[in-house]
Every structure is written in C-alpha cells, then in structure tokens.
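Descriptive analysis of the structure
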Amino acid sequence: MNETGVNTSALGQLIEPDPVPYSFNTPGWYAVLILLLIIFLLIAFFQYRKYRRNAYRREALQKLEQIENSGYSVVYAINLLLKTLAIQLFGRRTVADLHGPTWFLFLSSKLEKHPGLTDQSIDEYTLALYNDQFQLDEKRRKELVAFARLWILKHKVNV
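Residues numbered from 1 in each chain as written. Predicted model: local features only at pLDDT ≥ 70, side-chain atom pairs only at ≥ 80, totals over all residues. Heavy atoms only, no water.

1. Let's talk about the packing of aromatic side chains
Taken as a whole and judged by the stated rule, the model has four aromatic pairs. Ring geometry for Phe 90 and Phe 106: centres 5.4 Å apart, planes at 85°, overall edge-to-face. Of this pair, Phe 90 sits in helix α4 (residues 74-90) while Phe 106 sits in helix α6 (residues 101-109), placing them 16 residues apart in sequence. No difference in accessibility class separates Phe 90 from Phe 106, as the two residues are buried. The interplanar angle of 45° and the centroid separation of 5.9 Å between the aromatic rings of Phe 104 and Tyr 125 together place this pair among those described as tilted. Placement of the pair is Phe 104 in helix α6 and Tyr 125 in helix α7 (residues 119-130), with a sequence separation of 21 residues. Of the two residues examined, Phe 104 and Tyr 125, each falls in the buried class. In this structure an aromatic cluster arises from ring pairing among Phe 90, Trp 103 and Phe 106. (Phe/Tyr/Trp six-rings, centres within 6.5 Å; stacked < 30°, edge-to-face > 60°. Helix = DSSP H or I, 4+ residues; strand = E, 2+ residues; numbered from the N terminus. Buried < 20%, exposed > 50% of the residue type's maximum accessible area, 1.4 Å probe, protein only.)

2. Details of the environment of Pro 115
In this fold, Pro 115 is placed in the loop between α6 and α7. For the pair Pro 115 and Leu 150, spaced 35 residues apart in sequence, the C-alpha separation works out to 10.0 Å.

3. Some words on the side chain of Arg 140
With respect to the helices and strands, Arg 140 occurs in helix α8 (residues 138-154). The exposure class of Arg 140 is buried, given its relative accessible area of 11%. Of the polar contacts made by the side chain of Arg 140, one reaches the side chain of Glu 124; its length is 3.2 Å. Apart from residues no more than four positions distant in its own chain, Arg 140 is found in contact with Thr 118, Gln 120, Ser 121, Glu 124 and Tyr 125. (Polar contact = N/O pair within 3.5 Å; in protein donor to acceptor, adjacent residues only side chain to side chain. Contact = heavy atoms within 4.5 Å.)

This is the structure we're talking about:
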C-alpha cells in the first residue's frame, strides 16, 4: 500500500521558491522609522513643555526649603510665598483680599483629592501669622511646611 502523503516520485522534484530576502531597505521600514521618530519628538515636546510650565513649582519648593532651614518666621514666610504664587496663578483680584481662615480655606479648596487643614490648625496658623508673641509648636510648624509643599506640588489652577 501507498502512504497517505503525496508521492513525490510520480510528481518529480518539488520546486521550492527562493527565500524572501529580509532587508530594512524597504519603504515600509522607512515609514515605521519616521512614525516612531515623530512620536518620540511629540513626547519630548510635551514633556519639555510640562517641565517649563512647572518651573515655578520647582523654584517655590527651593524657596520653601530655604524658609524651612532658616530661623526666619516660618508662618509669615510661607504665607508670603503661597500668597505670591496664588496671585500669579489666580489673579490679584481673587487672592489679595483673602486673609485669616478664608485664606487657608481658599488654599485647601485648590487641592483636589487631598485633605486640607483642620479648623484648629487654621486658627493656630492665623494666630501665629498676626500675633508676634504666639509661637507654633514643632508639630504644627512641620504640618504647615508639609501643607505648603503639598499645595505647591498638587494645586490645580482650574478647580
């Protein structure tokens, strides 16, 4: 009996096609390369634009670091830093009149998905800001610095 396969002896020698040459010199590879280059340039452009747009955040964090390490009045200096940033971002008409608890509530309102300050903390910061004799304890001082750092990093302008 014959095998169930094709009998090559009756057909003769099988003719196989030449192997397809594989080369990067085909036009399709140039198109892929150009497309990848365009995607890379777009990503680089948007990252650079984001980096430039957030330059004020990096500068503010450096100033906050200097304030934290100095013996200067931390509450006053942080308030001045945050007020300056807020005026640049939200306009003088919106920010200039804010003071006391309304100022800290405004700052908290611009933090999306992050907890703001407690009422007790706001009262202590307001008292320390407007009364030279009142000094914050170390815990409240660190909490204020942490809040300022969080606000600088996470505030949203269009909230």
